[in-house]
Amino acid sequence: MQWRALVLGLVLLRLGLHGVLWLVFGLGPSMGFYQRFPLSFGFQRLRAPDGPVSPALGPAGPSGPSWLQPPVPGAAAGRRRAPRRPRPGMCGPAHWGYVLGGRGRGPDEYEKRYSGAFPPQLRAQMRDLARGMFVFGYDNYMAHAFPQDELNPIHCRGRGPDRGDPSNLNINDVLGNYSLTLVDALDTLAIMGNSSEFQKAVKLVINTVSFDKDSTVQVFEATIRVLGSLLSAHRIITDSKQPFGDMTIKDYDNELLHMAHDLAVRLLPAFENTKTGIPYPRVNLKTGVPPDSNNETCTAGAGSLLVEFGILSRLLGDSTFEWVARRAVKALWNLRSNDTGLLGNVVNIQTGHWVGKQSGLGAGLDSFYEYLLKSYILFGEKEDLEMFNAAYRSIQNYLRRGREACNEGEGDPPLYVNVNMFSGQLMNTWIDSLQAFFPGLQVLIGDVEDAICLHAFYYAIWKRYGALPERYNWQLQAPDVLFYPLRPELVESTYLLYQATKNPFYLHVGMDILQSLEKYTKVKCGYATLHHVIDKSKEDRMESFFLSETCKYLYLLFDEENPVHKSGTKYMFTTEGHIVSVDKHLRESPWKEFFSEDGGQDQEGKSVHRPKSPELKVINSSSNCNRVPDERRYSLPLKSIYMRQIDQMVGLI
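Residues numbered from 1 in each chain as written. Predicted model: local features only at pLDDT ≥ 70, side-chain atom pairs only at ≥ 80, totals over all residues. Heavy atoms only, no water.

As named in an unreviewed UniProt entry, the protein is alpha-1,2-Mannosidase, taken from Felis catus. In its Sequence similarities (unreviewed entry) section, the UniProt record describing the protein reads: "Belongs to the glycosyl hydrolase 47 family." For the protein, the Subcellular location (unreviewed entry) comment in UniProt is given as "Endoplasmic reticulum". (UniProt positions renumbered as here; feature names shortened; annotations may be inferred.)

J.: Which residues make up the environment of arginine 123, and what are the values?
T.: Tracing the chain through its elements places arginine 123 in helix α5 (residues 120–144). Using a relative accessible area of 15% as the deciding quantity, one classes arginine 123 as buried. Spatially, the C-alpha atom of arginine 123 lies 9.6 Å from that of histidine 508, the residues being 385 residues apart in sequence. Polar side-chain contacts of arginine 123 include one of 2.4 Å to the side chain of tyrosine 498. (Helix = DSSP H or I, 4+ residues; strand = E, 2+ residues; numbered from the N terminus. Buried < 20%, exposed > 50% of the residue type's maximum accessible area, 1.4 Å probe, protein only. Polar contact = N/O pair within 3.5 Å; in protein donor to acceptor, adjacent residues only side chain to side chain.)

J.: Talk me through the confidence of the model for the protein; I want residue IDs and the actual numbers.
T.: On average, residues of the protein score 81 in pLDDT, and 74% of them reach the 70 mark or higher. Below pLDDT 50 for its whole length, residues 20–63 participates in 72 contacts with residues either more than four positions away or in separate chains. The model gives residues 73–108 a pLDDT under 50, and that stretch makes 107 contacts with residues more than four places away or in other chains. (pLDDT = per-residue confidence, 0-100. Contact = heavy atoms within 4.5 Å.)

J.: Any details on the nonpolar core? Residues and values, ideally.
T.: With 165 residues, the main nonpolar core has Phe198 and Trp474 as its most contacted residues. Of the residues forming this core, the biggest block, 11 residues, is contributed by helix α10 (residues 219–238). (Core = buried A, V, L, I, M, F, W, Y, C linked by side-chain atoms within 4.5 Å.)

J.: I'd like to hear about helix α18 (residues 448–465), residue by residue, with values.
T.: Taking 1.5 Å of rise per residue, the 18 residues of α18 would be expected to cover 26 Å, and the 26 Å separating its terminal C-alpha atoms lies within 8% of that figure. In terms of burial, α18 is largely enclosed, as 17 of its 18 residues are buried. Positive backbone phi, at 75°, marks glycine 466, one or two positions downstream of α18. (Expected span 1.5 Å × (residues − 1).)

J.: Describe unusual backbone geometry, and please don't skip the residues or the numbers.
T.: A cis amide bond, omega 10°, links phenylalanine 146 with the succeeding residue proline 147. By secondary structure assignment, the location of proline 147 is in the loop between α5 and β1 (150–152). At cysteine 156, a position not held by glycine, the phi torsion is positive, near 55°. Relative to the assigned elements, cysteine 156 resides in the loop between β1 and β2 (157–159). A positive phi is found at glutamine 477, a non-glycine position, where the angle reads about 55°.

J.: Talk me through the environment of glutamate 255; I want residue IDs and the actual numbers.
T.: Summarising the element assignment, glutamate 255 is placed in helix α11 (residues 255–267). By relative accessible area, which is 24% here, glutamate 255 ends up partly exposed. Once the C-alpha coordinates of glutamate 255 and asparagine 207 are considered, the two residues, 48 residues apart in sequence, prove to be 9.8 Å apart.

J.: Explain the pattern of salt bridges to me, and be specific about the residues and the numbers.
T.: Overall, the coordinates contain 25 salt bridges when judged by the stated rule. Note that lysine 552 and aspartate 187 form a salt bridge whose closest N and O atoms lie 2.7 Å from each other. Taken together, the residues lysine 552 in helix α21 (residues 545–558) and aspartate 187 in helix α8 (residues 186–191) connect sequence positions 365 residues apart. Exposure class is identical for lysine 552 and aspartate 187. Each is buried. Note that aspartate 450 and arginine 400 form a salt bridge whose closest N and O atoms lie 2.9 Å from each other. Highlighted residues: aspartate 450 in helix α18 and arginine 400 in strand β9 (residues 400–401), separated in sequence by 50 residues. Here aspartate 450 and arginine 400 have matching classes, each one buried. Salt bridges sharing common partners tie together Glu150, Arg159, Glu221, Arg225, Arg541 and Glu543. (Salt bridge = Lys/Arg side-chain N within 4 Å of Asp/Glu carboxyl O.)

Structure representation (structure tokens):
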């Protein structure tokens, strides 16, 4: 009985201490219940969208953040026509801390943690840890799951399509019974310099993978994960310079290119019998579009095929694939709002009616914007850049909320919200983890200041939970959707920001991410999806993008001497992280007249509206941003301002 009384006493004491911390400092563990009870924890409660107070949110504070306010009339039209250079200055009040409830620990601890350089020995250690993470996941997939599509890392088994439940789209959209994880990981093996395993893996793919399968897959997922990887590996094998070591295959006869062609032909029925030119979301690899196929598709899924299809067309000298992908992009572009220039996230492919009117930077739209820019980088078609510039202006005018500059002025730091595509009015108060790709895209067009600031927001969330929840409600300061499937977007932006600034802070960010993944997601046979970012419970799934993207970007972040950075070749990464060299060959096409810029017509013969001349300029035709940073421009704001701001956000949790 004494020990029971002692345990009870300790529990009561701990609860009492936590209560004091909550009341006095706004600290202490959440215990999970704040999702249902939006406690203040020392910051003002925020006003609900569109003015009225939501009963679930409680009374609003005296002033909500500017994110909830619509753009000032007239100001949006003139805002940020071109990227600005970062300027030194103070961030003003700790608004990130205001949002996330974090508290800084003062300049001494900040200086101790962030101001010093990242030692070469520590960088090498982190590089090896990232390589070891990939090897552990890859080796366990090969040992326990191959030739199935994915690894169940907890039970050490393979996973394929869910034949018993065709409606299980979370699985069946991705898994096509074609050794997905092996195919998706090919170029990561090359980038890490493992020529023997790369050659072995390529031969396995050639000898064992077939697309003549009764599998209904999502066109988008099959394109970015499988088609893109086959093309990337083919380019690595046939590169005369062989920058990653000897990745050639004896008696190689373009088999991967032929496989890519075979897969793309099986995806082509998605583009047939659609009145708008926008493809069906799914096809059966044997029989084509299913009879009961859905006529609704997301903008990103239909409009993010141009990079892979365009590469295939230009390697084969066959315009078919690029033409259908480009037609889909233009069809979506022509459906944008006449008032805001924004697109929605779900469209009916037969009527062109917007089913989902939400416009944002996350799921449903993310890679559409990404591929407008990357298509221009690869292929040099001016129209792609014009569309991207027009889209970027609309994003800045209607999605970007907060003060004009990240690191100076009054008001809240900038954030990109979800709005109605027609009115620009706020639709909800959450962001999703896919939006963390956007700072990396901003780096590519030179908007580094905004990229730094936006990246800091996502990193602050990561610091709080050791992962990015799938959705985070910035009004309630809590996750809306709690799982984390090992996504790479924050790592990708971290890598690109480091390449643009060379500031060691981003190495510290990468180390935090690496250590979190090792601590919270590593299991017996790989790395598992976090089911709940707070209690760290897991799901038995390791998606293929963990090896193709997350591990790759982490490795490249710490491997300064990698040929990606040192070979002199300009590279770009696809939305699935597959590496593609940027060269003149891909900018040459015998069907140039199809993409002429002297006007044009859509599939119904109507005149196509063209955006104005570009105002943003691509700073480098390489996504590794291999350029010499201006230390005077970046080092001071990063070391003296942005990092202290992050400490204030998360309290160095």
